[in-house]
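Coordinate inspection notes
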Amino acid sequence: MRASEIFQAHPTPPAQGLPHPQTAIRAGISGFPSPAEDYVGRTLDLNQRLVKRPSATFFMTVTGDSMEGVGIQDGDTLVVDRSVDAKPGHILVALVDGEVIVKRYELLGKRPYLCSGNDRYAPIPVSDLDCQVWGVVRSVIHEFPV
Amino acid sequence: MTQPMIGLVDCNNFYVSCERVFQPRLEGVPVGIMSNNDGCVIARSSELKALGVEMGTPAFHLQQWVSQGRICLLSSNYELYGDMSARVREVLEEFSAGVEPYSIDEMFVRFDGFDDATTLALARILYRNVRQFTGIPVCVGVAPSRTLAKLANRAAKKRPEYGGVCVLAGDDDDTRHLLKQTELGDVWGVGRRLVERLAIQGIETAWDLRCADPKTVRRRFSVTLERTARELQGTPCIEMNDSDEPRQRIMTSRSFGRLTGELSELQAAIRQHAQRGAEKLRAQQSHARAVLVFLKTNRHRQDLAQYSPSIVAELPEPSDDSRPILAAAQQALEAIYRPGYRFMKAGVMLLDLVDANREQLSLLDTPGRAADRERSERLMKTLDELNQKMGRGTVRLGVPRQNAAWHLRCAHRTPRWTTQWGELPSAKA
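Residues numbered from 1 in each chain as written. Chains lettered and ligands numbered in written order. Predicted model: local features only at pLDDT ≥ 70, side-chain atom pairs only at ≥ 80, totals over all residues.

Points about the overall build of chain A
The condition is simple: Numbering of helices and strands starts at the N terminus; helices are DSSP runs of H or I of at least 4 residues and strands are runs of E of at least 2. Note on burial: count the other C-beta atoms lying within 10 Å of the residue's C-beta; 20 or more is buried, 12 or fewer is exposed, in between is partly exposed, and C-beta positions come from the backbone. Each residue is represented by a C-beta atom placed from its backbone, and any two residues with such atoms within 7 Å are regarded as in contact.
Looking only at helices and strands, chain A features 1 helix and 10 strands. Taken from N to C terminus, the helices and strands of chain A fall in the order β-β-β-α-β-β-β-β-β-β-β. Among the 146 residues that make up chain A, the fraction classed as buried is 25%. Put simply, 55% of the contacts in chain A that link residues at least 6 apart link residues at least 24 apart.

Spelled out as C-alpha cells, the structure:
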C-alpha cells in the first residue's frame, strides 16, 4: 500500500499566538484579584489583526517596483480582501488584459485611473482597458533580512 | 407565509473555477482537470463539454488538442479545491447556522423564517457574496424540500432567465410549470431503471409523480420513491444520508454523543466512516479517486474555540478497497487534527467516483497490479459478506500501517496558491 499525498486544505490553522509574559498569576494577599490576571494566557494573533474576513482573504507576492512610493516593494506580501467594495483611494489587485496587477485606484477629474506609486509610470485610464477588480489590498507585509 | 426553506448552493464547474480565480487567462478557454492517479478527465469547463469531451477521457486521447493549443489540461490540485470549498462554506456560514456540505462543491443551507420576497433577496445575496468573496461562481436553488431545491438549482443553472437564483415556493405556478417540464430521470434519487417502470404506469414527468398517490407509490415501488413524491409536493422528508441512489459522491458522517477532543475517538469515528463509505462504494460498484475528511466544532458554543477544518487526500489510484481509503482518511485526519478543540462532528466524503466496470486501465498497469487488484476484490467481497451475515462491524480493519512514498504524476498541477507560502500568486506592481 502506498501513501497518498496529503493536502492541507484549510486556510486558517489554529491561531499561533504570541504568549504574553505571565507576570503575576496569583491573586493578591487581600483576596482581591490582581490586575495582572486579566493578561494571563492572553495572546496576540496576527491573523486576527490582518485578516478581517478569512473566507475572502488571499495573500499575494509583489513583483516590480512601481508601487514603492506607497510602501509596496518588490517581494512584499499583500493581504487582499475580496469582500471589500473598491473605492477611490484603495490599493487594488486588478485583472488588466489578463494580467494580475497592483495599483492605486483614483479619480482624476471625474475619470477613474489606475495609478502607480512611482513617477516613472503614468496613470492608466481604466476606460481604455479590459479591467476587473480582483480584490482590495488591506495591508502589506514587508520582512527585513535579519 | 414563512415555511422552512432549504437552499442548495452549487458551484459551477468547481475545479475549473478554482483554477480560474488565480489564472484569469483560463477564462473562456476549454479547460480539463485530470486525475493524478490515472490521468483521466475528472472535471470540465463548459467550453470543454461543448467540444464533446466526456468525463473519464484519458489524457492521451486529448494530446493533439493540447499541443495545438486548443485546450488546456491541468493536473488536479486538491489542496486548492479543498481550501476554496472551505471558503465557500465559510461565506455561507456567515449567513446561516444550518450549512451542510453535500459534496465538495454543493452545500445545503437552511433558510428558516423568511417570507418569499426576503428568501429571494437573501438567495441573491448569497449568490453575489460567494462569487465576490471567493471568486467561485455558484447557482442557488431554494425550495421547501431538498428534492425541490435540487430541481430549483438545476433550473437556476440551465435557464438564463433566472440569473443563477431560483426560488420555488412549492405550490405555485412556477413550481408546477417547472415540474411539468422535468423528466423523472432528472429528479434526485430516481434511477434509470425506475424511470422505465414508472413510464409504464404513465408517470413520466416530475409533475406526474407529484400528483401520484403516495401510498400507491409506496405499495407499487418503494418507501424511498414515496418520500421523493412527498418531497416534490413540498413536504421535506429526505435527510441527507437517506437516499440510496448511486451517487457521484458518498458521504458518511455523524455527530458525537458529546463534544470530544480526543484524537483516539476521532480516529475511531473516521475509521468507521471510511469503512462504511467504502462499503457503500462497493455496493454501487464505484471507485473513488479522493477522500475528504472534515471535523466540526459546535458553532453554537461560542464560549469554545472554533475550528472546522477539512482536507482532501488523493488516493494512489481509483479504488473501492477499504484499506487505502482508510489509510488516506487517517492521514488526512492527522494532518488537520489540533489538540485543544472539542469537536461535535466528523465525517468522510468519497469524491470523484468512477464506475468500477468502465474504469480505464492505467498506463502503469502491469500483470502484477492486475493480480493485486483481484486479490483485493476477493478480500473486500469476503469482508462485506461477513459483515452482512454477521452484522455490521463484525470484521473491521485495524489501523493501517504507514506506507511508502507514492509519486503523484502531477506535472501540470498549478501552484497551491492559498495554502503554501512558497506558492503564492504574484501581482505585478
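Points about the sheet that holds strand β8 (residues 165-167) of chain B
The strands making up a sheet associate through backbone hydrogen bonding, with each pair oriented either parallel or antiparallel. Residue and element names in this part refer to chain B. Rules: What makes two strands pair is DSSP finding at least two bridges between them. To get an axis, fit a line to the C-alpha atoms, keeping to the stretch in contact for a helix; angles then go from 0 to 180 degrees between the N-to-C directions.
If you walk across this open sheet you meet the 5 strands as β5-β6-β1-β7-β8, and the pairing is mixed. Each having just a single partner strand, β5 (99-103) and β8 make up the two edges of the open sheet. When strand polarity is set aside, the average angle formed by the axes of neighbouring strands in this sheet is 20°. Summarising the sheet, strand β1 (residues 5-11) and strand β6 (residues 106-111) pair through 6 bridges and their orientation is antiparallel. Bridge pairing in β6 places Leu8 opposite Phe108. Here helix α5 (residues 116-134) sits on the sheet and contacts β1, β6, β7 (138-143) and β8; the angle it forms with β7, its principal contact strand, is near 160°.

Observations concerning the pairing of strand β11 (residues 310-319) of chain B
All names here are of chain B. The buried fraction of β11 amounts to 10 of the 10 residues, a majority that puts the element mostly inside the structure. For strand β10 (residues 286-297) and β11, the ladder comprises 6 bridges, and the chain directions are antiparallel. Along β11, the bridge assignment pairs Leu292 with Val312.

Comments concerning the environment of Gln267(B)
Residue and element names in this part refer to chain B. For Gln267, the position within the fold is in helix α12 (residues 263-283). C-beta crowding within 10 Å serves as the criterion here: with 17 such atoms nearby, Gln267 is assigned to the partly exposed category. For the pair Gln267 and Glu334, spaced 67 residues apart in sequence, the C-alpha to C-alpha distance is 8.6 Å. For Gln267, the contacting residues outside a window of four places in its chain are Gln330 and Leu333.

A word on the packing of α12(B) against helix α13 (residues 322-336) of chain B
Residues and elements named next belong to chain B. To be explicit about the condition: We call a crossing left-handed when the near helix sits turned anticlockwise from the far one by less than a right angle, and right-handed when that turn is clockwise. Side-chain classes follow a simple rule in which Ala, Val, Leu, Ile, Met, Phe, Trp, Tyr, Cys and Pro form the nonpolar group, Asp, Glu, Lys and Arg form the charged group, and the remainder, Gly included, forms the polar group.
At a minimum axis distance of 9 Å, the contact between α12 and α13 shows a crossing angle of 145°. Between α12 and α13 lies a crossing of right-handed hand. Counting all contacts with α12, which are made through Leu266, Gln267, Ile270, Arg271, Ala274, Gln275, Gly277 and Ala278, the residues of α13 involved are Ser322, Ile325, Leu326, Ala329, Gln330 and Leu333. For the contact of α12 with α13, a count of residues per class yields 8 nonpolar, 5 polar and 1 charged.

Focus on the confidence of the model for chain A
All names here are of chain A. The condition that has to hold: How sure the predictor is of each residue is captured by pLDDT, a score from 0 to 100.
Mean pLDDT for chain A: 78, with 71% of residues reaching 70 or above. When pLDDT is averaged over each element of chain A, strand β5 (residues 77-81) comes out on top at 98 and strand β2 (residues 18-19) at the bottom at 42. A low-confidence stretch, residues 1-35 (pLDDT under 50), is modelled with 84 contacts involving residues beyond four sequence positions or located in other chains.

Topic: the domain arrangement of chain B
Residue and element names in this part refer to chain B. What counts here: Domain borders in the structure are assigned automatically or taken from a domain database.
For chain B, the assigned domains are domain 1 (1-167), domain 2 (172-233) and domain 3 (250-390). Counting residues at the interface gives 17 residues for domain 1 and 20 residues for domain 3. Of all the elements, helix α4 (residues 78-93) adds the most residues to the side of domain 1 that touches domain 3, at 5 residues.

Focus on the packing of α4(B) against α5(B)
When two helices pack together, their arrangement is given by the angle between their axes and by how far apart the axes lie. Residue and element names in this part refer to chain B. Convention followed: To sort the angles, those under 35 degrees are grouped as roughly parallel, those over 145 as roughly antiparallel, those from 65 to 115 as roughly perpendicular, and the leftovers as oblique.
Viewed as axis vectors pointing N to C, α4 and α5 meet at an angle of 140°, and their least axial separation amounts to 10 Å. Between α4 and α5, the crossing angle belongs to the class labelled oblique. Relative to α5, α4 is oriented so that their crossing is right-handed. Only Leu126, Asn129, Val130, Phe133 and Thr134 of α5 make contact with α4, whose side of the interface consists of Met84, Arg87, Val88, Val91 and Leu92. Its residues assigned to classes, the contact of α4 with α5 shows 7 nonpolar, 2 polar and 1 charged.

As for the nonpolar core
The line we're drawing: Definition of nonpolar core: a set of buried Ala, Val, Leu, Ile, Met, Phe, Trp, Tyr and Cys residues joined via C-beta atoms within 7 Å.
Grouped together as the largest cluster of nonpolar side chains are 131 residues, with contacts concentrated most on Val93(A), Val102(A), Ala152(B), Val291(B), Val293(B) and Ala329(B). Among the elements that line this core, the one with the most residues is α13(B), at 8 residues. Contacts of Val102(A), omitting those with residues within four sequence positions, involve Val62(A), Met67(A), Ile72(A), Leu78(A), Ile91(A), Val93(A), Val137(A), Ala427(B), Lys428(B) and Ala429(B).

Topic: the sheet that holds strand β4 (residues 72-75) of chain B
Residue and element names in this part refer to chain B. Read from one edge to the other, the open sheet built from 3 strands follows the order β3-β2-β4, with strand pairing classed as mixed. Either end of the sheet is taken by a strand with one partner, and the two such strands are β3 (41-44) and β4. Each neighbouring strand pair of the sheet contributes to a mean axis angle of 30°, computed without reference to strand direction. As paired strands, strand β2 (residues 31-34) and β4 are joined by 4 bridges and run parallel to one another. In the sheet register, Val31 faces β4, and the bridge partner there is Cys72. Against the sheet, helix α1 (residues 14-22) engages β2, β3 and β4, with an angle of about 110° to β2.

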